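Chain residues, written in single-letter form:
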Amino acid sequence: MINVQLFVIVPTTYADIQYLEDYPASLWYKFCMEADSVGYNCGVMLILTLTIDRFIVFLNKFGRNNRFIRSIALSLLSWIYGIVIMVFNNVYGVIKTYDRENFSFVVLIDHSKPQAFPFITYTQTFSKVLPFIILALYIFCIIRLKKFSKQKSLNSETRKVEKTLLIQGIAFALFYEVEALLFYQRDFIISVIGNDNEKCYLVVLNLFVIMFTCFNSIVLYIFVDRARKHLKGIITCKICDNKSKIKSVKSVPLVIRKSVY
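Please read these numbers as outputs of a predicted model, since none were measured by experiment.

1. Quick look at the pairing of strand S1 (residues 94-99)
Phase 1: Taken together, the 6 bridges between S1 and strand S2 (residues 104-109) define a ladder with antiparallel strand orientation. Bridge pairing links Thr97 to Val106 in S2.

Right, dumping it as structure tokens:
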């Protein structure tokens, strides 16, 4: 998602359009758009699968010993879903492009392919319904949290890990809920703020998308103690190395040479 911001939105918004007339037809432009679509669909499905994983744990109907296998399977499912959607987009002629006048993405549909319309209906309906499904599943997990904490079969470390993953998933879901609300309730929001403020709304939407992308990148270091300690150790070691280099430079003896005439 960052690549489309850097290589599509920024240059096509601020650069002189006469120098970029052929850019939308370039292979790099299309690659950035496809990568953005794959990233979005993979991310959405990953949030859903993470929610399902938390639901499975707190439902307490399946074993927790196969967490690693389950995580791998759900991650693969997310990637497969994103790639399949990309393939169907190209097969049905669904093309995403950037509208520099309105600071927003526009989906162009090949009207010669009637299969494109049911496909678009599915993707839009899925994206609109998904936030409510995720919210319902996490409400169930929160309700079960107290009962889950009292299970004697789990040690304190396991309970801590599961609770941390639950909080991490809720944070993901809340970000996605807000993004989906801003994106799919566009007509309602514009009717409230007025058409004159539509560009301001689109700017806010893009900023929130960037924030969500950044959050996805740093979430590991927010919720996972081991990752946070590892990062802290790397930073500390580099600082120590720099200090030791400075000290070694300061400790080099100075040799004063006297000129003899």
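Additional details are given in the paragraphs that follow.
2. Things to note about the environment of Ile47
Phase 1: Turning to its location among the elements, Ile47 is positioned in helix H2 (residues 27-59).
Phase 2: As a C-alpha pair, Ile47 and Ser75 span 28 residues in sequence and 9.9 Å in three-dimensional space.

3. Some points on the nonpolar core
Phase 1: Within the largest apolar cluster, 28 residues are counted, with the highest numbers of intra-cluster contacts made by Phe126, Leu130, Ile134 and Tyr176.
Phase 2: Secondary structure elements with two or more residues in this core: H2, helix H3 (67-91), helix H4 (116-149), helix H5 (156-184) and helix H7 (198-223).
Phase 3: Apart from residues no more than four positions distant in its own chain, Leu130 is found in contact with Val44, Leu48 and Tyr176.
Phase 4: Counting 9 residues, the second largest nonpolar core, distinct from the first, contains Val8, Ile9, Tyr23 and Tyr98.

4. A word on the UniProt feature "transmembrane region" (unreviewed entry) in the chain
Phase 1: According to UniProt, the feature "transmembrane region" (unreviewed entry) maps to residues 38-59, 71-95, 129-145, 165-184 and 204-224 in the numbering used here.
Phase 2: Within residues 129-145, the helical portion is 100% and the strand portion 0%, while the C-alpha atoms at the span's ends are 25 Å from each other.
Phase 3: For residues 165-184, the helix share is 100%, the strand share is 0%, and the end-to-end C-alpha distance is 28 Å.

5. Digging into the packing of aromatic side chains
Phase 1: In the structure shown here, the tally under the stated rule is 9 aromatic pairs.
Phase 2: Relative to Tyr92, the ring of Phe88 lies with its centre 5.6 Å away and its plane at 20 degrees, an arrangement referred to as stacked.
Phase 3: Since its relative accessible area comes to 33%, Phe88 is described here as partly exposed.
Phase 4: Members of the aromatic cluster, each reached through a chain of ring pairs, are Tyr81, Tyr122 and Phe126.
Phase 5: Sitting over the ring of Phe105, Lys96 keeps its end group 4.9 Å from the ring centre.

6. Some words on the side chain of Thr123
Phase 1: Structurally, Thr123 is set in helix H4.
Phase 2: Side-chain polar atoms of Thr123 contact the backbone oxygen of Ile120, separated by 2.9 Å.

7. Let's talk about the pattern of salt bridges
Phase 1: Tallied over the full model, the rule gives 1 salt bridge.
Phase 2: Residue Lys96 pairs with Asp36 through a salt bridge whose shortest N-O separation is 2.5 Å. Pair noted here: Lys96 is in strand S1 and Asp36 is in helix H2, with a separation of 60 residues, a long-range link. Judged on exposure class, the residue Lys96 and its partner Asp36 are both buried.

8. Quick notes on the packing of H2 against H3
Phase 1: Between H2 and H3, whose axes approach to 8 Å, the crossing angle comes to 145 degrees. The handedness of the crossing between H2 and H3 is right-handed. Together, Glu34, Val38, Asn41, Cys42, Met45, Leu46, Thr49, Asp53, Ile56 and Val57 of H2 and Arg70, Leu74, Ser75, Leu77, Ser78, Trp79, Tyr81, Gly82, Ile85, Met86 and Asn90 of H3 make up the contact between the two elements.
Phase 2: Split by residue class, the contact of H2 with H3 holds 12 nonpolar, 6 polar and 3 charged.

9. Overview of a nonpolar patch on the surface
Phase 1: Residues Phe68, Ile69, Ile72, Leu76, Trp79, Ile80, Ile83, Val84, Val87, Phe88 and Val91 make up a contiguous nonpolar surface patch of about 1,100 Å² in total accessible area.
Phase 2: Examined against the element boundaries, Phe88 turns out to sit in helix H3.

10. Quick look at H3
Phase 1: Between its first and last C-alpha atoms H3 spans 36 Å; for 25 residues at 1.5 Å apiece the expected length is 36 Å, and the two agree.
Phase 2: Along H3, the residues classified as buried are Arg70, Leu74, Ser78, Tyr81, Gly82, Ile85 and Asn89.
Phase 3: Once H3 ends, the next one or two residues include Gly93, with phi positive near 70 degrees.

11. Observations concerning the environment of Leu166
Phase 1: Structurally, Leu166 is set in helix H5.
Phase 2: Distance in space between the C-alpha atoms of Leu166 and Cys141 is 8.0 Å, their sequence separation being 25 residues.

12. Structural notes on the environment of Phe215
Phase 1: Mapped onto the secondary structure, Phe215 falls in helix H7.
Phase 2: Spatially, the C-alpha atoms of Phe215 and Ala171 are 9.4 Å apart, while their sequence positions differ by 44 residues.

What counts, and at which threshold
Sequence order as written defines residue numbering, which begins from 1 separately in each chain. Local features in this predicted model are restricted to residues whose pLDDT is 70 or higher, and side-chain atom pairs enter the listing and the counts only when it is 80 or higher, whereas totals over whole chains, interfaces and linings include all residues. Remark: hydrogens and water are excluded; side-chain values derive from all non-hydrogen atoms of the structure. At least two bridges found by DSSP between two strands is the condition for calling them paired. Strands here mean DSSP runs of E at least two residues long; helices mean DSSP runs of H or I at least four residues long; both are numbered from the N terminus. Nonpolar cores were defined as sets of buried Ala, Val, Leu, Ile, Met, Phe, Trp, Tyr and Cys residues, with membership established by side-chain atoms within 4.5 Å. Burial classes follow relative accessibility: with a 1.4 Å probe on protein chains only, a residue under 20% of its type's maximum area counts as buried, one over 50% as exposed, and anything between as partly exposed. Throughout, a contact is declared for two residues whenever any of their heavy atoms are within 4.5 Å. UniProt positions are given in the numbering used here, feature names are shortened, and annotations may be inferred rather than shown by experiment. Two rings from Phe, Tyr or Trp (for Trp, the six-membered ring) form a pair when their centres sit within 6.5 Å of each other. Planes less than 30 degrees apart are called stacked, planes more than 60 degrees apart edge-to-face, and all others tilted. The criterion is that NZ of a Lys, or CZ of an Arg, lies within 6 Å of the ring centre and within 35 degrees of the ring normal, and then a charge sits over that ring. Pairs of N or O atoms are called polar contacts if they sit within 3.5 Å, as long as, within protein, a hydrogen donor faces a hydrogen acceptor (for residues adjacent in sequence, only side-chain-to-side-chain pairs). Salt bridges are defined by distance alone: a side-chain nitrogen of Lys or Arg within 4 Å of a carboxyl oxygen of Asp or Glu. To define axes, lines are fitted to C-alpha atoms, for helices over the stretch in contact only, and angles between the resulting N-to-C directions are given on a 0 to 180 degree scale. Crossing handedness: left-handed means the near helix sits turned counterclockwise from the far one by under a right angle, and right-handed means the same turn made clockwise. Residue polarity is assigned by list, with Asp, Glu, Lys and Arg as charged and Ala, Val, Leu, Ile, Met, Phe, Trp, Tyr, Cys and Pro as nonpolar; anything else, Gly included, falls into the polar class. To count toward a patch, a residue needs a relative accessible area over 30% and no salt bridge; like charges are then connected within 9 Å, while nonpolar side chains (Val, Leu, Ile, Met, Phe, Trp, Tyr) are connected within 5 Å. Where accessible areas are quoted, they stem from the Shrake-Rupley method and a 1.4 Å probe; at the residue level, only the protein chains shown are allowed to cover. Given the number of residues in a helix, its expected span is that number minus one, multiplied by 1.5 Å.

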